[in-house]
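Understanding the architecture of this molecule
The primary structure of each chain is shown beneath.
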Amino acid sequence: QVQLVESGGGLVQAGGSLRLSCAASGLTFSSSGMGWFRQAPGKEREFVAAISWNGGLTYYGDSVKGRFTISRDNAKNTVYLQMNSLKPEDTAVYFCAASWRPVVSGTSDISEYKAWGQGTQVTVSS
C-alpha cells in the first residue's frame, strides 16, 4: 500500500520560506515521478511542481517559477519542495503525489498520479 506523508507546512510571513517534505513508502520510489499540487479554499487543485525519477527533469507551475524548487533524495524515499519569497496567494493545502510513470509530463494532469498524501497546510500572512 502506497503511503505519502507530507510535513513542513505552517504559518509564515510574506517573503519568508518553508520547505515541505514528503516521505514515501510502499512503492519503488526511485522509479516514480513525483509531484506537488496545492488547493486553496474554493479553488481547483493546482499543479505546483514535478520531478522525474532521478531528478533530471523538473517542472513548475507558472505562478511558482523562480521561487519554488523541487528536489528528491531517493536514498531517503523523500521529495522536497523549497518555497521562497512566499506570497499570501501561496496559501493552500499542499499535496504530494506519486506517479505510476518515471517521467511525468509536468502538467496538471492528475491521471498521471496513482497516490496522494493527506496534505499539509501552508498559510502566508501579509
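None of the values given here were measured: they were computed from a predicted structure. Per chain, the residues get numbers from 1 upward, laid out in the order the sequence is written. Per-residue local features of the predicted model are confined to residues with pLDDT of at least 70, and side-chain atom pairs are confined, for both listing and counting, to 80 or more; whole-chain, interface and lining totals are unaffected and use all residues. Each side-chain value is derived from all of the structure's non-hydrogen atoms; neither hydrogens nor water enter the calculation.

Quick notes on the overall build of the protein
The helix and strand tally for the protein stands at zero helices and 11 strands. Put simply, DSSP marks the helices as runs of H or I at least four residues long and the strands as runs of E at least two long, and each gets a number from the N terminus on. For the protein, the succession of helices and strands along the chain, N to C, is β-β-β-β-β-β-β-β-β-β-β. What the globule rule says is 2.2 Å times the number of residues to the power 0.38, and the radius of gyration is computed from C-alpha atoms. Over its C-alpha atoms the protein spans a radius of gyration of 13 Å, differing by no more than 12% from the 14 Å that the globule rule assigns to 126 residues. Restricting the contact set of the protein to residue pairs at least 6 apart, pairs at least 24 apart contribute 59%. Summed over all atoms, the accessible surface of the protein reaches about 6100 Å², with 48% contributed by carbon and sulfur. Of the charged side chains in the protein, 11 are positive and 9 negative; the average position of the first set lies 5 Å away from that of the second. Residues are treated as being in contact if the distance between any of their heavy atoms lies within 4.5 Å. Areas reported as accessible are Shrake-Rupley estimates using a 1.4 Å probe. Residue values count occlusion only from the protein chains shown. This count recognises Lys and Arg as positive and Asp and Glu as negative, with His and chain-terminal groups excluded. To locate a charge, take NZ of a lysine, CZ of an arginine, CG of an aspartate or CD of a glutamate.

Let's talk about the environment of Ala-50
Mapped onto the elements, Ala-50 comes out in strand S5 (residues 46–51). Linking Ala-50 and Arg-67, residues 17 residues apart in sequence, is a C-alpha distance of 14 Å. In this view, Ala-50 contacts Met-34, Gly-35, Leu-57, Thr-58, Tyr-59, Ile-70, Val-104, Gly-106 and Tyr-113; residues no more than four positions away in its chain are not counted.

Examining the nonpolar core
Core analysis: the largest hydrophobic core is formed by 28 residues, its most contacted members being Met-34, Trp-36, Val-79, Leu-81, Met-83 and Tyr-94. When contributions to this core are tallied by element, the ones reaching two or more residues are strand S3 (18–25), strand S4 (34–39), S5, strand S7 (68–73), strand S8 (78–83), strand S9 (92–99) and strand S11 (120–125). Here, the term nonpolar core denotes a set of buried Ala, Val, Leu, Ile, Met, Phe, Trp, Tyr and Cys residues that are joined through side-chain atoms within 4.5 Å. Exposure classes here rest on a 1.4 Å probe applied to the protein chains alone. A residue is buried below 20% of its type maximum, exposed above 50%, and partly exposed in between. With six residues, the next largest nonpolar core counts Ala-50, Ala-97, Val-104 and Tyr-113 among its residues.

Some words on the pairing of S4
In terms of burial, S4 is a largely internal element, five of the six residues being buried. At least two bridges found by DSSP between two strands are what make those strands a pair. Bridge analysis of S4 against S5 gives five bridges, and the strand direction is antiparallel. Within the sheet, the bridge partner assigned to Met-34 lies in S5 and is Ile-51. The turn linking S4 back onto S5 is made up of six residues, and Gly-42 within it adopts a positive phi angle of 75°. Examined bridge by bridge, S4 and S9 share six bridges and lie antiparallel to one another. Along S9, the bridge assignment pairs Met-34 with Ala-98.

Function cannot be read off these values alone, since they describe shape.
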